[in-house]
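Structure assessment
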Amino acid sequence: MSVGAQIQKLRKQYPESTSAVLPALRLAQEEHGGWLPPAALREVAHALDLTPAYCLSIASFYDQFRLEPMGRTVVEVCTNVSCALSGAQQVVEAFERELGIDAGSTSDDGAFTLGTVECLGGCGWATVVAIDNRHRLRVQAADVPGIVEELRDA
Amino acid sequence: MPERPQIVFAGTDGGALTEIEDYEAVGGFTSLRKARSMVPDDVIAELEASGLKGRGGAFFPTGRKWAFVPKPDQLAKPHYLVVNADESEPGTFKDREIMLRVPFRFLEGCLIAAHAISSQHVFVYIRGEYEQEFEVLRDSLEAMRKADLLGGVTVVLHRGAGAYICGEETALLESLEGKRGQPRTKPPFPAIAGLYAAPTAVNNVESITTVTSVLELGAAEYAKLGVENSTGTRVFSLSGDVVNPGNYELPHGITLRELIYDVGGGVPGGRELKAIIPGGSSTSILTGAEIDTPLDFTSLVQAGSSIGSAGVIVIDERCCMVQLGIRVSQFYEHESCGKCTPCRVGTRWLTQILQKIEDGRASQPDLDLLLSVCDRIMGKCLCPLGDSDAIAVLSYVDRFRAEYQAHIDLGRCPFDGESSLEGILAPSAMHDGPVHRIAHV
């Protein structure tokens, strides 16, 4: 099914079609390799009778929408208070070492993007690391080399 | 060890009830049948009598909230139930465990609430980062549909996309309508003009799940748990410098000491307890000396704080309170939607002043300025996001003034690089494209 057809299905869930813009952008982002190029915004706009500018105004508001290309694997470390108290900073540094990139950047080969994020809602299982939106719990700096090896092998 | 009646997590035996048969085996859906045999007003009266109050942070009586929704013959528009599953308050991680372990009890509560406000339309706004929780709810909902339990009510699981502000109910409604998640002016309140300007009740996941248990136990039985003005149990999220972090369902009114030491195993390594954030990062901090404060609405107000979302963050002696201020303020700065100037500018300003203090570049007037900026945020915006930053920072200065003063007097951080928050990072600018730089400034 085309993105447009899938969005048509989504909009039926809502009394007003604009409500489908978040799920539609999520879908378009998945279809476009993890970010929203202008073509994706145009697709969503067309399917929901909105303008691309409107879709951009939405995409730019929410942290999970990306307006630049991302690595094939996205690693995000929570650095909010409870994770920070439990060593999140060391986890970030370990990922930076293992991946050879700074937090907030993508590796030259496009394999990894590393970032830090606000509270992921796993404070009691700190440090929380989201890998392609899947949460790993209780991650310690010592676990990071193994995680990166596993991701490189996958 | 305090008694631990299980209401929200009843029948789970520490595990999860994710198969519909298992849930039915512990009495699942009897509350729904009971509710549907009652007229909506009687369901609301039962909830009022139970004393159940909102678990999202505002502690507003659930039954009363429903009573504010006009009857269908008073306002001929569709009525909506919107469930706030956008749990994002730092220190809080209870709703996700509720959705993972008792998804059917939660969805049953949604249908009971829908009946109470005569709604045929339920939207569950679940935070975008909760992937597994979304899948569990989706599968559970499908099982209920197959079992013909929905009774003509449509339940839509709507995923957010990463914005703390969407936990504020009017911002959530804006977001659900496909707009930027920016709070609305109130009034009108959602009960009258909520989703699509129609009557809407907005309830938190834990509140809705507890509704099922209240109907099962009966209001009188439920109200025996907890303390006056804070009936029932609470799922406390315990995190930070504590031996056994996690979610614990306990009656309201247990003390912080019981939660942190008897249940949570105390502070690791025998270190000294320095501070406790009792209800998520938006609540005022308490000192370690206030550990005998009971965890209920009234006691925490008397202590100058709030039970908030019951996310208890434990902080030991290694933590610099100025660094804590920076990290918390960075969060609110990042999450400010930008609509109200005092919040948009003030949260950023607070971070900058705190950073100056931490760096040893501040002089006495900077501390006064910090407090003045807090004052100029408080109560001057459409929603409490900016207030939350101000409340938190003010409380850190109030409770740990000597430590703030020491930074100024010494011209450096007295922790000399040894604070447990040393080197803390604000979120990286990984999606900070040109648009974001404009949008979030």
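Structure report, in brief.

Remarks on the interface of chain A and chain B
Opposite the 53 residues of chain A that make contact, chain B presents 73 residues. Summed over the three residues of chain A that lose the most area to chain B, namely F61, L85 and E118 of chain A, the buried surface amounts to 15% of that side. Taken together, chain A and chain B are joined by 2 salt bridges. Residue R134 of chain A is joined to E135 of chain B by a salt bridge in which the shortest nitrogen-to-oxygen separation is 2.6 Å. There are 24 residue pairs in polar contact (both at pLDDT 80 or more) connecting chain A and chain B. Only α2 (21–31), α4 (52–59), β1 (73–78), α5 (81–85), α6 (88–99), β3 (112–117) and β5 (134–136) of chain A provide two or more residues apiece to the side of chain A that touches chain B. Element by element, the count of residues in the side of chain A that touches chain B is highest for α4 of chain A, at 5 residues. Broken down by class, the residue content of the side of chain A that touches chain B amounts to 25 nonpolar, 20 polar and 8 charged.

As for the pairing of strand β1 (residues 80–85) of chain B
Residue and element names in this part refer to chain B. With respect to burial, β1 is a largely interior element, 6 of its 6 residues being buried. Alternating positions in β1 separate into two faces, Y80, V82 and N84 on one and L81, V83 and A85 on the other, with burial throughout. Here β1 runs beside strand β2 (residues 121–126); their pairing, made up of 6 bridges, is parallel. Opposite Y80, over in β2, you have H121 as the bridge partner.

Considerations on the layout of surface pockets
Reported here for the second largest pocket is a volume of approximately 750 Å³. If you go around the second largest pocket, you meet 27 residues; those closest to its centre are L10, Q13 and P23 of chain A together with F134 and L157 of chain B. The element that contributes the greatest number of residues to the lining of the second largest pocket is helix α7 (residues 131–146) of chain B, accounting for 7 residues. In terms of residue class, the lining of the second largest pocket is made up of 12 nonpolar, 5 polar and 10 charged.

Re the sheet that holds β1 of chain B
All names here are of chain B. The parallel open sheet is built from 4 strands, whose spatial order is β3-β2-β1-β4. The outermost strands of the open sheet, each flanked by one partner alone, are β3 (154–159) and β4 (200–204). Averaged over all pairs of adjacent strands, the angle between strand axes in this sheet comes to 20°, irrespective of strand direction. Here β1 pairs with β4 via 5 bridges, running parallel. Of the residues in β4, the one forming a bridge with L81 is A201. Along the sheet face, helix α6 (residues 103–116) touches β1, β2 and β3 and points at about 150° away from the line of β1.

A word on the sheet that holds strand β8 (residues 246–251) of chain B
All names here are of chain B. With respect to topology, 5 strands assemble into an open sheet ordered β8-β7-β11-β9-β10, the strand pairing being mixed. With partners counted over all chains shown, the strands left at the sheet margins are β8 and β10 (286–287), one partner each. Taken together, the 4 bridges between strand β9 (residues 273–277) and strand β11 (residues 311–316) define a ladder with antiparallel strand orientation. Counterpart to I277 in the pairing with β11 is I313.

Some words on the packing of α6 of chain B against helix α10 (residues 205–217) of chain B
Residue and element names in this part refer to chain B. Between α6 and α10, whose axes approach to 7 Å, the crossing angle comes to 80°. Overall, the two elements α6 and α10 adopt an arrangement that is roughly perpendicular. Between α6, through R105, F106, E108, G109, C110, I112 and A113, and α10, the contact on the second element is made entirely by V205, I208, T209, V211, T212, S213 and L215. Of the residues contributing to the contact of α6 with α10, the split by class is 8 nonpolar, 4 polar and 2 charged.

Thoughts on the state of the cysteines
All names here are of chain A. The final tally for this structure, using the stated rule, is 0 disulfides over all chains. The structure places no disulfide on C83, whose sulfur is separated from the nearest cysteine sulfur, that of C78, by 3.7 Å. Under the relative-accessibility criterion, C83 is labelled buried at 3%.

Conventions used here
- Residues numbered from 1 in each chain as written.
- Chains lettered and ligands numbered in written order.
- Predicted model: local features only at pLDDT ≥ 70, side-chain atom pairs only at ≥ 80, totals over all residues.
- Heavy atoms only, no water.
- Contact = heavy atoms within 4.5 Å.
- Buried area = accessible area lost by both parts, 1.4 Å probe.
- Salt bridge = Lys/Arg side-chain N within 4 Å of Asp/Glu carboxyl O.
- Polar contact = N/O pair within 3.5 Å; in protein donor to acceptor, adjacent residues only side chain to side chain.
- Helix = DSSP H or I, 4+ residues; strand = E, 2+ residues; numbered from the N terminus.
- Nonpolar A, V, L, I, M, F, W, Y, C, P; charged D, E, K, R; others polar.
- Buried < 20%, exposed > 50% of the residue type's maximum accessible area, 1.4 Å probe, protein only.
- Pairing = 2+ DSSP bridges.
- 1 Å grid on protein atoms, 1.4 Å probe; cavity = no way out; pocket = protein on both sides within 12 Å on 5 of 7 lines; lining within 4 Å.
- Points joined across faces, edges and corners; volume = space filled by probe spheres on them.
- Axes fitted to C-alpha atoms, helices over the stretch in contact; angles between N-to-C directions.
- Parallel < 35°, antiparallel > 145°, perpendicular 65-115°, else oblique.
- Disulfide = S-S within 2.5 Å.

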